[in-house]
Structures are given as C-alpha cells and as structure tokens.
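Reading the structure
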Amino acid sequence: MLNRTWVVKLLFVATIIVSSVLPMSAQAQAPRSPVAPRREVVAAVVKEAYDKFKNETRGKNADYIPYLAQVDSKLFGIAIVTTDNQVITMGDVKYSFSIQSISKVYTLALAMEALGADTVFQKVGSEPTGRPFNSPVAVVDMPTHTGNPFVNAGAIATTSLISGKDADEKWTKILDFYSRAAGEKLTLIDEVYKSEAATNTGNKALSMLLAKYERIYADPFESVDIYTKQCSVGVNASQLARMGATLANNGINPANGEQVIKAEDVPHILSTMMMAGLYDGSGGWAWHVGLPAKSGVGGGIVAIAPGKGAIVVFAPPLDEAGNSVKAQEVIDYVAGKLNYNLYSPASVGWK
Ligand code: GLN
C-alpha cells in the first residue's frame, strides 16, 4: 500500500515529467513554479541582444583607477543564471574583472547577517543621495551622512561593521562570504588592489568625514583598505551571475542549495539596489527596466529578477554616472523581452 508521502512524491515526479514534455501553450494553463522561461527562449534573446549591441562604442573605461583604464574596452560578455540553475552565456564570460561596487551588495548582506537589518539600517541608512557615488558633498549634506550602502561613503561604513580580531580576519570573512554566494572560491586581483590602493585618497577623505560625524564603526583607514580589497575581487560574468541568482533565489545559491543570504534580508537588499544600484542613473533605470541592479566601475552590471534569475553583462566603457553603457542596453533589452520588469503586470503573466 502506498502511504501519503509516497503519493505526494509520485505526484511531484509526475508534475515534473508532464511539465517538461508539454508545449509552452499547454504549460501556461498548468500551475508552474515562477522560474525563467524555457532555456531556448532565453538563449535566443541573449543572442539577439549580443548581436544588436556588440558594435556599441559609446562610453569610456574608468580611468581614475589606472588599472581599469587599460582593460580592453571591447570585452563583452553576457551571463544569465536562473533560480533553477540554468546557465546561459555569450561572449567573454571567462574574463575575470574586478567586481568593484557590486561587492557592496554582498558586504551589506554580510553585515545584516551579523547585526540584523534594523541595526544596519540605523547605522548606514538607505536614502538616495542624488550625487555621484564618491561625493563628499553628500556626506556633509545628508542628515544620515552615510546615504546608503551603495555609495562609497555608505559602503565604507558598511564594511566597517564587519567584525574580526584584525583586518585580515575581517577581509577573509568578506571574501569567504562572496565565494559562498558564487558557489566557488573567488580571489583578489592583486594588480587592481595595488592600483586602487595607490590612488584612493578620495575614499580616505570620505572615511575621515564619516569619522567626524561618527558614522564609521572601525578604524577609518583600515576600513577603506578592506573596502578597496573587496572592490578588487575578481569575478567573471558567470560567477557574478551565480552571485546574483543567489539573491533572485531568496538567498539560496541555486547551484548547491546553500542558504547564503538570509531570506528576510533579501527584500532590503533588492529595494536598495532598485533605489541606488546605478547611483544617479538609478531613477532612469527603474523607469525603463524596473529591476534591482548594481553596477561597478569595472564594467559589470548585475540585475536581479526575483524568483527568476540574474542577468550579468560585462563591458568596460561607462557612462557619466559610472555605469556600463552596453550592460544597461543589453539588460534593458533582455529583461524587456522576457517580461521581467517588476512593475509590469506582464511579469506575473497578466496581459
Ligand atoms: N572601488 C571603486 C571606488 O571606490 C568602486 C566604485 C564603483 O564601482 N562605482 O571608487
């Protein structure tokens, strides 16, 4: 005799078999988990976007970090990882670039893990600055001084919240956390770190300003140094897409099932990404694309489609605000075609 558990298991298996053989139109009638459209649909859209934007030449590599100025500006890669761990890639997805500001997302998650969301909100806040990402004016002007965790001042304050007996222990904690989100070991790109550490007087100044307002929570220069290391972590587009998919998947890495980020912290992270992930380009991004995203001056952007997956594009030339031009265009195109815009009724299947 079959007991209840077995009946449930059999039904589950039967559902999977039926849904994998049914054509799309029939599947639309049946209840489905909210995963990405089928693989070939996504792959076709990615190829279209790649071909459409590969000759885009607008934008300019970041040059205030000397290493970044000499990265090949023709590099172009697209990677999507879905919450059911399908991986779709195109172009230069093996090239390891510096994660830069995208690291801020994961240090925020780690700080919340340790201190709770309320404490982090109280110590860093989450308000748009309306200023460039490295603005000292925002630190002086804003009532919170830190602004939000994704501008440099707020990010350095967030990094300063990570505890450890010394700088090394704090740094290792951060790197391990990023690696868990990626599902593989990540490492520092030493040349990027050296290049940035030699030129980061602006960030040091921000840390001293924060100290003046008592909005930094460890030694200011030590915090800047750890922050500079976290920005110099190397990722390729696929690794970054897996990190993004972990956020899209309620904090669970879809490759190995590990709960890396607390589910309750995910909405705070995604809302902050929507509001400030592309700095003073965030409003236009929300208007057009409607997905939480984060950019880095290394040329990467990760966009999160909650419950569906993450889209990463890597292409070094940036616009005025410091966001990759090609990455914005490609994600806008792909997310539009796949109906991922969170504010669009089509994102939940309504016509
Ligand atoms: N490391 C860079 C900086 O501190 C990060 C900035 C960015 O990616 N927007 O300026």
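Residues numbered from 1 in each chain as written. Predicted model: local features only at pLDDT ≥ 70, side-chain atom pairs only at ≥ 80, totals over all residues. Heavy atoms only, no water.

1. A short note on the site of the ligand
Around the ligand, the surrounding shell consists of Tyr64, Gln100, Ser101, Phe133, Asn152, Glu196, Asn203, Tyr227, Cys231, Tyr279, Gly296 and Val297. Serine 101 places a polar side-chain atom, nitrogen or oxygen, 2.7 Å from an oxygen atom of the ligand. Between the ligand and glutamate 196 there is a distance of 2.4 Å, counted from a nitrogen atom to a side-chain nitrogen or oxygen. When the free accessible area of the ligand is taken as 300 Å², the share hidden by the protein chains comes to 99%. By residue class, the composition of the shell around the ligand is 6 nonpolar, 5 polar and 1 charged. (Near = heavy atom within 4 Å. Polar contact = N/O pair within 3.5 Å; in protein donor to acceptor, adjacent residues only side chain to side chain. Areas by Shrake-Rupley, 256 points an atom, 1.4 Å probe, with all protein chains shown as cover. Nonpolar A, V, L, I, M, F, W, Y, C, P; charged D, E, K, R; others polar.)

2. A few points about the environment of lysine 60
On the secondary structure map, lysine 60 appears in the loop between helix H3 (39-53) and helix H4 (66-69). Separated by 264 residues in the primary sequence, lysine 60 and serine 324 have C-alpha atoms spaced 8.7 Å apart. Beyond its immediate stretch of four places on either side in the chain, lysine 60 contacts Pro316, Pro317 and Leu318. Separated by 2.9 Å, the side chains of lysine 60 and aspartate 63 make a polar contact. (Helix = DSSP H or I, 4+ residues; strand = E, 2+ residues; numbered from the N terminus. Contact = heavy atoms within 4.5 Å.)

3. What to know about the pairing of strand E7 (residues 300-305)
The buried fraction of E7 is high, at 6 of 6 residues. On E7, burial covers both faces: Gly300, Val302 and Ile304 on one face and Ile301, Ala303 and Ala305 on the other are all buried. Pairing of strand E6 (residues 293-295) with E7 involves 3 bridges; the strand directions are antiparallel. Its bridge partner lying in E7, lysine 294 is registered against valine 302. Counting the residues in the hairpin turn of E6 and E7 gives 4 residues, including glycine 299, whose phi is positive at 110 degrees. Where E7 and strand E8 (residues 309-314) come together, 6 bridges link them in antiparallel fashion. (Buried < 20%, exposed > 50% of the residue type's maximum accessible area, 1.4 Å probe, protein only. Pairing = 2+ DSSP bridges.)

4. Considering the confidence of the model for the protein
Looking at the protein as a whole, its pLDDT mean stands at 91, while 89% of the residues score no less than 70. Every residue in residues 14-34 scores below 50 in pLDDT, and together they form 8 contacts with partners more than four places removed in sequence or on other chains. (pLDDT = per-residue confidence, 0-100.)

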